[in-house]
Amino acid sequence: MMKKVPVQEAVGMVLCHDITKIVPGEFKGPAFKKGHIIREEDIPELLKLGKDHIYVWEVKEGILHENDAARRIARAVGGDRFIFTEPKEGKVNLLVKERGLFKVDREALFEINMLGELMVSTLHTNRVVEPGQYVAGTRIIPLVIEEEKIKKVEEICRDKKVLEVKPLAQPKVGVVNTGNEIFYGRIEDKFTPVLAEKLKAFGLTIDMHLRAPDDVEKIAEAILKLKEAGMELILATGGMSVDPDDLTPGGIKRAGGEVVVYGSPVLPGAMFLYALLDGVPVLGLPGCVMYSKTTIFDLVLPRILAGEVLTRKDIAALGHGGLCLECPVCTYPHCPFGK
């Protein structure tokens, strides 16, 4: 346990917590770190920091110091999937090892934070993260804590991945543009270049590109041709509204696609379609993907690349936070969209 002693009597004793020094606008950090052995020359500096008394460490069975507790919590929620920083002022940070999709088991996280006297804070789930990125932090609230409480955290995490980063696959991507105006060259195809840029951000290219007129059979034929050519993700553009001559959803169904959901509670992206064709994701992309900076496509693409098979429930859940404010300067993903 900790023992409180006058500074003048602390020479030779072991400091049990960091002592912070703050110089406004210049410095904030530990003047003395946990584990430091107090020296005679430290006494004037400690007094300047307002420390007439300090806490030194006395080991007691069943009680953990803040640094040891934070290490164990970090290991419990992150396993060996993250880089852990050394404790600083009692806090351990979790950093990403490799690029991927950051996932949080929100129910388990809530259960942990309901225990009291400790905390785990994270970024939002379903966010693409980069190597070295800071995604979570943990600490206990008091300087010491009963070990039994940390054991409860470990029990919650035993059979769960509370935090993880899923690697992003590199599927072959096929695109089919639908509509007579594109098929007959009446207007320029401005949709495909937008898709190419979005895919490029994930290291992907368009491996096969077809066009189909406003004909259900021709659209289905193009989709099946992409599938037979080995495309592992198929994107269909155009013809996604409810107008009678918008036939892409019908073409996807005719090709044998099992439509999981047609329509999403996301703006922009209400006319989005997600289907599976023998396990291959087929996305019907509405026109907003072409002209809006962020849309439903930005929310679902990383999850598909992470190997997730989306359900109607997954799409329905996007309604909370699914309203893009279309800010003049887009800061996605550092904004509420999709959160």
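Further up the page is the structure itself.
None of these values were measured; they are calculated from a predicted model.

S.K.: How should I be thinking about the side chain of threonine 125 in this particular structure?
M.R.: Relative to the helices and strands, threonine 125 resides in the loop between β9 (118–122) and β10 (127–129). A polar atom in the side chain of threonine 125 sits 3.0 Å from the backbone nitrogen of valine 104. In this view, threonine 125 contacts Phe102, Lys103, Val104 and Arg106; residues no more than four positions away in its chain are not counted.

S.K.: Got a minute to help me understand the layout of surface pockets in this structure?
M.R.: In this approach the atoms are scanned with a rolling probe the size of a water molecule, which exposes any empty space left behind. Space inside the largest pocket adds up to approximately 1200 Å³. For the largest pocket, the lining is made up of 47 residues, of which Thr125, Asn126, Arg127, Leu299 and Tyr332 are closest to its centre. Where the lining of the largest pocket is concerned, the elements lending two or more residues are β8 (100–104), α3 (106–113), β10, β13 (163–166), α6 (191–200), α9 (288–291), α10 (296–305) and α11 (312–316). Tallying contributions element by element places α10 first for the lining of the largest pocket, with six residues. Looking at side-chain class alone, the lining of the largest pocket contains 20 nonpolar, nine polar and 18 charged residues. Put simply, the second largest pocket is a space of about 330 Å³. Lining the second largest pocket are 21 residues, and of these Thr178, Glu181, Ile182, Gly238 and Gly239 lie nearest its centre. Those elements giving two or more residues to the lining of the second largest pocket turn out to be β14 (173–178), α5 (180–183) and α9. Here the lining of the second largest pocket is built from residues that sort into six nonpolar, eight polar and seven charged.

S.K.: How should I be thinking about the pattern of salt bridges in this particular structure?
M.R.: Oppositely charged side chains can form a pair if their charged atoms are brought close together. One pass over the full model with this rule turns up 20 salt bridges. In this structure, aspartate 68 engages arginine 71 in a salt bridge whose closest nitrogen and oxygen atoms are separated by 3.2 Å. Taken together, the positions of aspartate 68 and arginine 71, both in helix α2 (residues 66–78) and three residues apart, correspond to about one turn of that helix. Notably, a salt bridge pairs glutamate 308 with lysine 166, separated by 3.3 Å at the nearest N-O pair. One end of the pair, glutamate 308, is in the loop between α10 and α11; the other, lysine 166, is in strand β13, with 142 residues separating them in the sequence. The exposure class of glutamate 308 is buried, given its relative accessible area of 13%. The network of salt bridges with shared partners includes Lys103, Lys166, Arg303, Glu308 and Asp314.

S.K.: Even after reading the chapter, I still don't get the side chain of aspartate 189, so can you show me in this structure?
M.R.: With respect to the helices and strands, the residue aspartate 189 is situated in the loop between α5 and α6. At 3.0 Å, the side chain of aspartate 189 and the backbone nitrogen of phenylalanine 191 are in polar contact. Polar side-chain contacts of aspartate 189 include one of 2.5 Å to the side chain of threonine 192.

Reading the values: rules and limits
- Residues numbered from 1 in each chain as written.
- Predicted model: local features only at pLDDT ≥ 70, side-chain atom pairs only at ≥ 80, totals over all residues.
- Heavy atoms only, no water.
- Helix = DSSP H or I, 4+ residues; strand = E, 2+ residues; numbered from the N terminus.
- Polar contact = N/O pair within 3.5 Å; in protein donor to acceptor, adjacent residues only side chain to side chain.
- Contact = heavy atoms within 4.5 Å.
- 1 Å grid on protein atoms, 1.4 Å probe; cavity = no way out; pocket = protein on both sides within 12 Å on 5 of 7 lines; lining within 4 Å.
- Points joined across faces, edges and corners; volume = space filled by probe spheres on them.
- Nonpolar A, V, L, I, M, F, W, Y, C, P; charged D, E, K, R; others polar.
- Salt bridge = Lys/Arg side-chain N within 4 Å of Asp/Glu carboxyl O.
- Buried < 20%, exposed > 50% of the residue type's maximum accessible area, 1.4 Å probe, protein only.

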